[in-house]
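# Architecture at a glance
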Amino acid sequence: MEADVSGWKRVIGDRLRSQTDGQQTTEVAIAAKVLNHMLELGRPEYVRIL
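Below is a short write-up of the structure. (Residues numbered from 1 in each chain as written. Predicted model: local features only at pLDDT ≥ 70, side-chain atom pairs only at ≥ 80, totals over all residues. Heavy atoms only, no water.)

Across its full length, the chain holds two helices and zero strands. By element, 56% of the accessible surface of the chain is carried by carbon and sulfur atoms, the whole surface being about 4800 Å². (Helix = DSSP H or I, 4+ residues; strand = E, 2+ residues; numbered from the N terminus. Areas by Shrake-Rupley, 256 points an atom, 1.4 Å probe, with all protein chains shown as cover.)

Given below as structure tokens:
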């Protein structure tokens, strides 16, 4: 899973490609959503057994 997240980080990059503030805001929101989704897929679900 960690390799997948690293791959997405490489795709997204460490710089913003957009030039205007509005587009940069959208770009950051999309990148954050993608990374959060990837992290969510890797989290285990805990089930309490009584």
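There is more to say, and it comes next.
For helix α2 (residues 21-42), spanning 22 residues, the distance from its first C-alpha to its last is 32 Å, which sits close to the expected 32 Å at 1.5 Å a residue. All buried positions along α2 are accounted for by Glu27, Ala31 and Met38. Down the axis, α2 shows its buried residues gathered within 30° of arc, on one side only. α2 presents Asp21, Thr25 and Lys33 as exposed residues on the side facing more than 90 degrees away from its buried surface. (Expected span 1.5 Å × (residues − 1). Buried < 20%, exposed > 50% of the residue type's maximum accessible area, 1.4 Å probe, protein only. Arc of directions from axis to C-beta.)

As for its position among the elements, glutamate 27 is in helix α2. For glutamate 27, a relative accessible area of 17% puts it in the buried group. When residues no more than four places from it in sequence are discounted, the contact partners of glutamate 27 are Arg15, Leu16, Arg17 and Ser18. (Contact = heavy atoms within 4.5 Å.)

A side chain of one charge can pair with a side chain of the opposite charge when the charged atoms of the two come close. Under the definition given, this model contains one salt bridge. Arginine 43 is the salt-bridge partner of glutamate 40, the closest N and O atoms lying 2.7 Å from each other. (Salt bridge = Lys/Arg side-chain N within 4 Å of Asp/Glu carboxyl O.)

To continue, consider the environment of valine 34. Assignment of secondary structure puts valine 34 in helix α2. Along the chain, valine 34 and isoleucine 12 lie 22 residues apart, while their C-alpha atoms are 9.3 Å from each other.

Moving on: the environment of leucine 35. Within the element layout of this structure, leucine 35 appears in helix α2. For the pair leucine 35 and serine 6, spaced 29 residues apart in sequence, the C-alpha separation works out to 9.5 Å.

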